[in-house]
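# Secondary and tertiary structure notes
Listed below, chain by chain, are the residues.
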Amino acid sequence: MTNPAHPGRMLFVNIPVADLERSKAFFAKLGFSYNPLFTDETAACMLVGEHAFVMQLSREKFAEFAKLPIADPTTHTLALYCFGVSSRDEVDAVSAAALAAGGSEADGAEDHGFMYSRSFFDLDGHGWQVMWMDPAAAEQGPEAFVASVQHADAPA
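The sections below set out a description of the structure shown in this document. Not measured: the values here are computed from a predicted model. (Residues numbered from 1 in each chain as written. Predicted model: local features only at pLDDT ≥ 70, side-chain atom pairs only at ≥ 80, totals over all residues. Heavy atoms only, no water.)

## What about the overall build of the protein chain?
Helices and strands together make up the secondary structure of the protein chain, namely 5 helices and 7 strands. Beginning at the N terminus, the succession of helices and strands in the protein chain can be written as β-α-β-β-α-β-α-β-β-β-α-α. The 156 residues of the protein chain split such that 33% are buried. Taking contacts inside the protein chain between residues at least 6 apart in sequence as the whole, the part at least 24 apart equals 48%. (Helix = DSSP H or I, 4+ residues; strand = E, 2+ residues; numbered from the N terminus. Buried < 20%, exposed > 50% of the residue type's maximum accessible area, 1.4 Å probe, protein only. Contact = heavy atoms within 4.5 Å.)

## Re the sheet that holds strand S1 (residues 11-17)
In spatial order, the strands read S1-S3-S2; together these 3 strands make up an open sheet with mixed pairing. In this open sheet, the two edge strands, each paired with only one partner strand, are S1 and strand S2 (43-49). This sheet shows a mean twist of 25 degrees between the axes of neighbouring strands, independent of strand direction. One ladder, built from 7 bridges, connects S1 with strand S3 (residues 52-58); its direction is parallel. Paired with Leu 11 across the two strands is Ala 52, which belongs to S3. (Pairing = 2+ DSSP bridges. Axes fitted to C-alpha atoms, helices over the stretch in contact; angles between N-to-C directions.)

## Things to note about helix H1 (residues 20-28)
Since the α-helix advances by 3.6 residues per turn, residues separated by three or four positions end up pointing in the same direction. Looking at H1, one finds that the buried residues are Leu 20, Ser 23, Lys 24, Phe 26 and Phe 27. Buried residues in H1, looked at end-on, bunch into an arc of 160 degrees, giving them a common side. Looking at the buried positions of H1, the neighbouring elements they touch are S1, S2, S3, helix H3 (88-100), strand S6 (115-121) and strand S7 (127-133). You can read the cap of H1 off the contacts: a side-chain oxygen lies 3.2 Å from the backbone nitrogen of Glu 21, and it is on Asp 19. (Arc of directions from axis to C-beta. Polar contact = N/O pair within 3.5 Å; in protein donor to acceptor, adjacent residues only side chain to side chain.)

## A closer look at the side chain of Ser 58
Relative to the helices and strands, Ser 58 is located in strand S3. For Ser 58, the residues in contact, after removing those within four places along its chain, are Val 17 and Thr 42.

## Quick notes on the pairing of S7
Within S7, 5 of the 7 residues are buried, which leaves it mostly tucked inside the rest of the structure. Bridge count between strand S4 (residues 80-84) and S7: 5 bridges; the pairing is parallel. Bridging from a neighbouring strand, Phe 83 pairs with Val 130 of S7. Here S6 runs beside S7; their pairing, made up of 7 bridges, is antiparallel. Paired with Arg 118 across the bridge in S7 is Val 130. Connecting S6 to the next strand, S7, in antiparallel fashion are 5 residues, including Gly 125 with a positive phi near 95 degrees.

## What about the sheet that holds S4?
Across the sheet, which stays open at both edges, the 4 strands sit in the order S4-S7-S6-S5 with mixed pairing between neighbours. For this open sheet the edge positions go to S4 and strand S5 (104-111), each flanked by a neighbour on one side alone. Neighbour to neighbour, the strand axes of the sheet diverge by 20 degrees on average, direction disregarded. Of the strand pairs in this sheet, S5 and S6 are connected by 5 bridges, and their pairing is antiparallel. Within S6, the position partnered with Asp 107 by the bridge is Ser 119. Along the sheet face, H3 touches S4, S5, S6 and S7 and points at about 5 degrees away from the line of S6.

Purely geometric stuff here, so don't read any function into it on its own.
This is how it looks when you write it as structure tokens:
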């Protein structure tokens, strides 16, 4: 079995969009950039992480790859897309930028102490969540982190 964290592995998530230029402009306002080598009039390669990308494809281009009919993201959820940022303040800033750029709020903020997030729908109706997680919780897992915090707060 190969190591799933192997740097040679890359993740490409493909999503259909109604208007590629509009979608690129929306996500650029959220701070994302694009790889010009994999961006043309039918597709845009949005950089999400060192080895993670979202391919925004025109509906026609997406249909060339899809084996089933394309669902309408405004009426059906096939996936929810989540990306992490470096702070709670950045969660709020990215979420506010999404709303200012024409997105719509999916629900209110979720605050679990070790993790904070907000959700929005992009211009095509795809559901996105922007989240921050305490680095210690990310390393230990949420249960161990919460237990360590509770233990530290207990009277001696």
